[in-house]
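# Breakdown of the fold
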Amino acid sequence: METLASLFSLALLASAVRLTVPVLLAALGAVFSERGGVINIGLEGIMIMGTFFGAVGTYYGGPVVGLLAAVAAGVVFSAVHGLLAITLRVDQIISGVVLNMLAVGLARFLNIMLFGVATQSPGIRGFTPLSIPVLRDIPALKPIAAGISPLIPLALALVVAGHWVLVRTTFGLRLRAVGENPLAADTVGVNVFLMRYLGVLISGALAGMAGAYLSIEQGRGYLEGMTQGRGFIALAAMIFGNWWPVGALGASALFGYFDALSLRVVALNVPYQFLNVLPHIVTILVLAGFVRRARPPAADGIPYAKEEQG
Amino acid sequence: MKPAAGRRLKPGLRPGLSPRWRLWLLQVLAPLLAILFGALVASVIILFIGKDPLAVYGLMLRFSLTRPDSIASILFKATPLIFAGLAVAMSFRAALWNIGVEGQYYVGALCAALVAFGVKGLPVVVHLPLTLLAAVAGGMAWALLPIVLKLRRGAHEVITTIMMNHIAAAVLLYLLADVLRDPAQAGTPRVRTPVFEPTALVPSLRPLLDAVGFRIPGYSSLNWLLPAGLLLAGLLYLFLTRTRFGYEVRAVALNPDAAEAAGIRIARVQFLMFLLSGGIAGLVGLNDVLGFFGYLDIDFPKGLGFLGISVALLAKNNPLGVILAALLIGFLDRGAQGVQVFAGVPREVITILQAVIILAIVVAYELLTRYVRVLRKREAERAAPPAAPSGTLAAAAPGGPGPGGGG
């Protein structure tokens, strides 16, 4: 009975929310990239850059600077992916895989240059946590009403905004058109390359922010390997969420819950590794159409070459 | 820098060359230019930290190529990379993305370990082959699900193999920590299997090397997996270029529609090539596990599967090229140790150099492929008005369909 109660405790819920945010932000980024037709396997590498520059910025100028530095780093790094995958039409998978390798070496090198060691930065102070005025005084609700990172409401707001942009705005419509049928979009005067670049750069900004959340808010410093493959989990969440921001939110929340559960599973008699791989198993099942049909953008992953059409 | 290919640099690009020769020359020049570009980028970084790039590269070359212990280290490091590169290349050849070599070799190593410490009392000639077979079976088993789901249900193998990598890591961790852990190590921080039977270990290459007069240092674990890898590369080269099945593989990668029209069963070819890829992947970890440690520890070398992707890209999926690419990565790795110890340059500079080389080579091959396409088109237009099928260069990187596509 006690075990069952612990599965739904508020402390667990709060932990689940904290673990949801980084996956959610990167998944939201992945949605923008793939809606425009560019697969971004390099999200993991971009997140690594985000964790590092988030910590560096915070160390020298406080958390706001850190957040901006991480976003900027994510944009720059994803621009390399754009250059390779969109302009030079190198295979998108290859470009992403290589960026992931580059990120690991780059973060280690820069960390040595700045802090003398390869694997971690000095400790930093994060954002001042928020708390909800009345609720925080009720002892039972304290785990969820106090100590809230300001990035959590920001992430949720970005999901809503992202959904609105994709569904309601001209930009969103054009981005999706470019991901579904670039030739048709091109014929009606949409700049395919510009749209795809914007999608990729937005994904870089959001994945950078996801990294910043990890190093500024959760780790209170950069630590090598702190992304723990969350860039790939984010791709999984995007797929499970059927390439929509709100869907990605649902999937990220589910994965965050598994993650939180695996940290306190001692009471459950299940190996925690099993809970850790649940998101991966779910993703395979979704991709195979066992849960429901996965429907990616039609031109996802296919480079667009203007001069070779027709 | 690249040990064997450096000599070919001499002939310049003369305008009078026939297209065929020009193409061949470009193919050889592309990797060399990529290496040069990588070295240039790394030079900027080295200058930035206040060292002399030429001195650093000189030291790197001298340290890596003139010391017997360095040569032994490069060869030892290159051994698993040959297997990993071949595994990745076999899937790329069939227009499939096996990003799952990483997980497949964890499972291969695990299966090999089970046979190596679990089965007792067999002679070497039975036990060692059985252990290798277990590794191949493990790698294949881990590759089975992604390819079946790809061919039957259209699940994109890039994502499923990445997911399988994470699952393999979790399974390995669980089994090593909770099930297979050596009881003798209880109470220590060591998480590893019991020590393997000596009959399951891969013999050292030392007796042979001593016999031919090449002295390697006493601690080197260079073993028979190196010649095995070279042999495998040679066999795969013949298999792909000289057999009917190899021809079918090329047809599938080059033009699936034409291949299907010619009666080639694409799904069968892709299924077999993916399992071949997984089977070879199963062998990647053995150089360390059976050739060096003699037990499977939770900290056994990881990341070789991803390095295999680099190797295959550098080699343009050519099995013989894989050998050179694996040696290059081994050389860079050893050189990184050298510059770190003797020049005070962080070895991460070499990691960056490596990534830039791969990036440059990928771009170079892409531009080359496009150039070839233009050449062919021009030739076809000159020869006959009706356009030939727009084929790309034979071994170009595969263009996989988007996720969920195909099937």
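Up top is the structure.
Remember, predicted model here, so these are calculated numbers, not experimental data. (Residues numbered from 1 in each chain as written. Chains lettered and ligands numbered in written order. Predicted model: local features only at pLDDT ≥ 70, side-chain atom pairs only at ≥ 80, totals over all residues. Heavy atoms only, no water.)

## Focus on the overall build of chain B
- Scanning chain B for helices and strands turns up 15 helices and zero strands.
- Across the 407 residues in chain B, those meeting the buried criterion constitute 54%.
- For chain B, the accessible surface area stands at approximately 17600 Å², while carbon and sulfur atoms represent 66% of it. (Helix = DSSP H or I, 4+ residues; strand = E, 2+ residues; numbered from the N terminus. Buried < 20%, exposed > 50% of the residue type's maximum accessible area, 1.4 Å probe, protein only. Areas by Shrake-Rupley, 256 points an atom, 1.4 Å probe, with all protein chains shown as cover.)

## Details of the overall build of chain A
- Secondary structure assignment for chain A yields 13 helices and zero strands.
- For chain A, the N- to C-terminal ordering of α and β elements is α-α-α-α-α-α-α-α-α-α-α-α-α.
- Here the C-alpha radius of gyration of chain A, 20 Å, is about what a compact globule of 310 residues would show, namely 19 Å.
- Counting only residues that meet the buried cut, chain A has 56% of its 310 residues in that class.
- Put simply, of all contacts in chain A between residues at least 6 apart along the chain, 77% involve residues at least 24 apart.
- Carbon together with sulfur atoms contributes 69% to the accessible area of chain A, which is approximately 12200 Å² in total.
- Of the side-chain charges in chain A, 18 are positive and 13 negative, and the distance between the mean point of each set is 7 Å. (Rg over C-alpha atoms; globule rule 2.2 N^0.38 Å. Contact = heavy atoms within 4.5 Å. Lys, Arg positive; Asp, Glu negative; His and termini not counted. Charge placed at Lys NZ, Arg CZ, Asp CG, Glu CD.)

## Notes on the packing of aromatic side chains
- Applying the stated criterion across every chain yields a total of 16 aromatic pairs over all chains.
- Taking the centre distance of 5.2 Å and the plane angle of 80° together, the rings of Y105(B) and Y106(B) count as edge-to-face.
- With a relative accessible area of 6%, Y106(B) lands in the buried category.
- One aromatic cluster is present, built from ring pairs that chain together F76(B), F292(B), F293(B) and Y295(B).
- Between the NZ or CZ atom of R35(A) and the centre of the ring of W244(A), over which it lies, the distance is 4.3 Å.
- Just above the ring of Y365(B) sits the side chain of K316(B); from NZ or CZ to the centre is 4.8 Å. (Phe/Tyr/Trp six-rings, centres within 6.5 Å; stacked < 30°, edge-to-face > 60°. Lys NZ or Arg CZ within 6 Å of the ring centre and 35° of its normal.)

## Thoughts on the interface of chain A and chain B
- Listed as interface residues are 43 residues of chain A and, on the opposing side, 45 residues of chain B.
- For the pairing of chain A and chain B, the buried interface totals around 3900 Å² over both sides, and the portion due to carbon and sulfur atoms is 79%.
- Broken down residue by residue, the surface that chain A buries against chain B is led by F109(A), I284(A) and L287(A), which jointly contribute 15%.
- Along the contact surface separating chain A from chain B lie one salt bridge.
- The partner of E348(B) in a salt bridge is R108(A), with the nearest N and O atoms 2.6 Å apart. (Buried area = accessible area lost by both parts, 1.4 Å probe. Salt bridge = Lys/Arg side-chain N within 4 Å of Asp/Glu carboxyl O.)

## Quick word on the nonpolar core
- Among the nonpolar cores identified, the biggest contains 217 residues, and I41(A) and L296(B) are the most heavily contacted of them.
- Leaving out residues up to four positions away in the same chain, L296(B) has contacts with A109(B), L110(B), A113(B), L172(B), L176(B), V191(B), R192(B), T193(B), F196(B) and V289(B). (Core = buried A, V, L, I, M, F, W, Y, C linked by side-chain atoms within 4.5 Å.)

## Here's the deal with the packing of helix α8 (residues 225–242) of chain B against helix α14 (residues 319–343) of chain B
Residues and elements named next belong to chain B.
- Interaxial distance between α8 and α14 falls to 7 Å at its minimum, and their mutual angle equals 150°. Of the possible angle classes, the one that applies to α8 and α14 is roughly antiparallel. Here L230, A233, G234, L236, Y237 and L240 of α8 come into contact with α14, specifically with P319, L320 and I323.
- Each residue belonging to the contact of α8 with α14 can be placed in one class, and the counts come to eight nonpolar, one polar and no charged. (Axes fitted to C-alpha atoms, helices over the stretch in contact; angles between N-to-C directions. Parallel < 35°, antiparallel > 145°, perpendicular 65-115°, else oblique. Nonpolar A, V, L, I, M, F, W, Y, C, P; charged D, E, K, R; others polar.)

## Things to note about the packing of helix α1 (residues 19–48) of chain B against helix α15 (residues 348–383) of chain B
All names here are of chain B.
- Between α1 and α15, whose axes approach to 8 Å, the crossing angle comes to 150°. Here α15 runs roughly antiparallel to α1, going by the angle between their axes. For the crossing formed where α1 meets α15, the hand is right-handed.
- Each residue belonging to the contact of α1 with α15 can be placed in one class, and the counts come to 25 nonpolar, two polar and one charged. (Left-handed = near helix turned anticlockwise from the far one by under 90°.)

## Some remarks on the pattern of salt bridges
- On inspection of all chains with the given rule, the structure shows 13 salt bridges over all chains.
- For R334(B), the salt bridge is made with D69(B), and the minimal N-O distance between the two is 3.3 Å. Of this pair, R334(B) sits in helix α14 while D69(B) sits in helix α3 (residues 68–93), placing them 265 residues apart in sequence. One exposure class covers both R334(B) and D69(B), and it is buried.
- In this structure, K120(B) engages E197(B) in a salt bridge whose closest nitrogen and oxygen atoms are separated by 3.9 Å. A residue pair is termed long-range when its members are at least 10 positions apart, and K120(B) in the loop between α4 (101–118) and α5 (124–153) and E197(B) in the loop between α6 (157–179) and α7 (206–211) qualify at 77 residues.
- By sharing partners, the salt bridges in this structure join R108(A), E224(A) and E348(B) into a single network.

## Side note on unusual backbone geometry
Residues and elements named next belong to chain A.
- Located in the positive-phi region is Q228, a residue other than glycine, with phi close to 50°.
- Mapped onto the secondary structure, Q228 falls in the loop between α10 (192–218) and α11 (230–240).
- Owing to a relative accessible area of 58%, Q228 belongs among the exposed residues under this scheme.

## A look at helix α13 (residues 304–315) of chain B
- When the terminal C-alpha atoms of α13(B) are compared, their 16 Å separation across 12 residues agrees well with the 16 Å that a helix rising 1.5 Å per residue should span.
- With 11 of 12 residues buried, α13(B) lies mostly within the body of the structure.
- Here α13(B) has its buried residues at L304(B), G305(B), L307(B), G308(B), I309(B), S310(B), V311(B), A312(B), L313(B), L314(B) and A315(B).
- Turning to α13(B), the residues buried within the fold contact α5 (92–115) of chain A together with α3, α4, α12 (286–293), α14 and α15 of chain B. (Expected span 1.5 Å × (residues − 1).)

## Observations regarding a nonpolar patch on the surface
Residue and element names in this part refer to chain A.
- Together, Y59, Y60, M113 and L114 make up an exposed nonpolar region whose accessible area comes to about 410 Å².
- At the level of elements, α3 (43–61) and α5 are the ones that each hand at least two residues to the nonpolar patch.
- Structurally, L114 is set in helix α5.
- Among the residues examined, L114 registers a relative accessible area of 41% and is labelled partly exposed. (Patch = residues over 30% accessible without salt bridge, like charges linked within 9 Å, V, L, I, M, F, W, Y side chains within 5 Å.)

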